[in-house]
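Each chain, written out:
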Amino acid sequence: MRVAAVQMLPAIGDFEGNLERIERFTEEAVLEGAEVIVFPELTISGYTWDETVLKRGALFFSEVAKKRLLKLSREGQILIAVGTPRIVLGKLRNSLVIFKKKKELLFYDKTHLFRGEKGVFEPGEYFLVFSYRGVVFGTLICYEIGFPEISRILTFKGSKVILSAFAFGKARGHTYDVATRSRAVENGVFLVASSMYGEGFVEFVGRTRIVGPNGKVMNEIESGEGLICENLDPDAVYHYRYSEEGDSHAYLRNYMSHLYTLQKGRL
């Protein structure tokens, strides 16, 4: 499977401009033969904690962007994963929406909120795993890369590839570097990380990357805006999860699940 990840800096409140850039990058990925493309967190609205902007962005997504991206996904025969604010039961959510060429969309709502996000968004209640072209994918958003349990649950639910959308601050860039590689190697999973770059709400780290199940960075954009593509062999995860030969770590083969049961009053 050929996957693509985008590095860009969406403009806060420029919904139409952001959507046009999403469309251009997706068209470029289709020409590169990509079957999946991932965009950063809150790409539709730009990353902000401004509730007014986010609500307007959610409305733009539902009334304008959704139709255009559905059409683009169908015509390009490509899965599009893009960050957007949306409103559920009157409350804002920080979502990653999955377009799979069909009218039915999939949504992952960020469950673990970062700093000022807690005052704006309602957290999600579940993790998302889905199948596309015979490959099982998991999803996570930005800050959640620092919660190893999420990636492990996605792995146990069958994920071979984790699609992740970031608006990660450069001041914490060392965390991004370590955590993206760690989540991949400890689960024997491919991790596709789309990240913002440049000076916006904060200065964003960039370093959009595709990480292999051995924890090595296969492809990366360190700075600027752009698109990377990589061919993935989903079945390669079995070697790193279960084989005890060569460069494999076999963490899942030797996972002692009975030791990880939470007991009342203990963590």
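Check the entry above for the structure.
Heads up: these notes are all about the structure in this document. (Residues numbered from 1 in each chain as written. Predicted model: local features only at pLDDT ≥ 70, side-chain atom pairs only at ≥ 80, totals over all residues. Heavy atoms only, no water.)

Strands belonging to one sheet form pairs held by backbone hydrogen bonds; the direction of such a pair is parallel or antiparallel. Taken in spatial order, the 6 strands make up an open sheet running S5-S4-S3-S2-S1-S14, and their pairing is mixed. The outermost strands of the open sheet, each flanked by one partner alone, are strand S5 (106–109) and strand S14 (226–231). Across the sheet, the mean angle from the axis of one strand to that of its neighbour is 30°, orientation sign disregarded. Where strand S2 (residues 36–38) lies against strand S3 (residues 79–88), 3 bridges are found, and the strand directions are parallel. For Val38, the partnering residue across the bridge sits in S3 and is Ala81. (Pairing = 2+ DSSP bridges. Helix = DSSP H or I, 4+ residues; strand = E, 2+ residues; numbered from the N terminus. Axes fitted to C-alpha atoms, helices over the stretch in contact; angles between N-to-C directions.)

Counting residues in each nonpolar core, the largest one holds 42 residues, and the members touching the most others are Val36, Leu79, Phe130, Phe137, Val161, Leu163 and Val192. Contacts of Leu79, omitting those with residues within four sequence positions, involve Glu35, Val36, Ile37, Ile98, Phe99, Lys100, Phe130, Tyr132 and Leu163. Formed by 28 residues, the second largest nonpolar core is a distinct cluster that contains Phe25, Ala29, Ile80 and Leu227. (Core = buried A, V, L, I, M, F, W, Y, C linked by side-chain atoms within 4.5 Å. Buried < 20%, exposed > 50% of the residue type's maximum accessible area, 1.4 Å probe, protein only. Contact = heavy atoms within 4.5 Å.)

Structurally, the position occupied by Val64 is in helix H2 (residues 51–76). Each C-alpha atom of the pair Val64 and Glu16 lies 8.8 Å from the other, and the pair is 48 residues apart in sequence. Dropping the residues within four chain positions of it, Val64 is found in contact with Glu16 and Leu19.

Going through the model one piece at a time under the given rule, you end up with 14 aromatic pairs. Residues Phe114 and Tyr143 carry aromatic rings whose centres are separated by 5.0 Å and whose planes lie at 55° to one another, so their mutual orientation is tilted. Pair noted here: Phe114 is in the loop between S5 and strand S6 (129–132) and Tyr143 is in the loop between strand S7 (135–141) and helix H3 (148–156), with a separation of 29 residues, a long-range link. Among the residues examined, Phe114 registers a relative accessible area of 16% and is labelled buried. For the ring pair Phe166 and Tyr176, a centre distance of 5.0 Å and an interplane angle of 85° mean the geometry is edge-to-face. Of this pair, Phe166 sits in strand S8 (residues 161–166) while Tyr176 is found in helix H4 (residues 173–187), placing the two residues 10 residues apart along the sequence. Across the pair, exposure class does not vary: Phe166 and Tyr176 are buried alike. An aromatic cluster is defined as three or more aromatic residues linked by ring pairs; in this entry it consists of Tyr47, Trp49, Phe201 and Phe204. One residue, Arg86, lies across the ring of Phe107, its end atom 3.9 Å from the ring centre. (Phe/Tyr/Trp six-rings, centres within 6.5 Å; stacked < 30°, edge-to-face > 60°. Lys NZ or Arg CZ within 6 Å of the ring centre and 35° of its normal.)

Here the focus is the pairing of strand S1 (residues 2–7). The buried fraction of S1 amounts to 6 of the 6 residues, a majority that puts the element mostly inside the structure. The side-chain alternation of S1 yields two buried faces, one formed by Arg2, Ala4 and Val6 and the other by Val3, Ala5 and Gln7. Sheet analysis places S1 next to S14, joined by 6 bridges and oriented antiparallel. Residue Arg2 lies in a different strand from S14, and its bridge partner there is Asn231.

On to the pairing of S8. Counted residue by residue, S8 has 6 buried out of 6 residues, so it is predominantly covered. Alternating positions in S8 separate into two faces, Val161, Leu163 and Ala165 on one and Ile162, Ser164 and Phe166 on the other, with burial throughout. Bridge count between S7 and S8: 5 bridges; the pairing is parallel. When the sheet's bridge partners are listed, Phe137 is paired in S8 with Val161. Running through H3, the crossover from S7 to the neighbouring parallel element S8 is right-handed. In this structure, S8 lies alongside strand S9 (residues 190–195), joined through 6 bridges in parallel fashion. (Right-handed = clockwise from strand over helix to strand, strands pointing away.)

This brings us to the pattern of salt bridges. Tallied over the entire structure, the rule returns 21 salt bridges. Of the charged contacts, one joins Glu41 and Lys110 as a salt bridge, the two residues approaching to 2.9 Å between their closest N and O atoms. A residue pair is termed long-range when its members are at least 10 positions apart, and Glu41 in the loop between S2 and H2 and Lys110 in the loop between S5 and S6 qualify at 69 residues. Just as Glu41 is buried, Lys110 falls in that class too. Note that Glu220 and Arg209 form a salt bridge whose closest N and O atoms lie 2.6 Å from each other. Residue Glu220 is located in strand S13 (residues 217–221), and its partner Arg209 is located in strand S12 (residues 208–211); the two are separated by 11 residues in the primary sequence. Accessibility expressed as a relative area gives 1% for Arg209, which makes it buried. Through salt bridges with shared partners, a single network forms among Asp177, Arg181, Arg207, Arg209 and Glu220. (Salt bridge = Lys/Arg side-chain N within 4 Å of Asp/Glu carboxyl O.)

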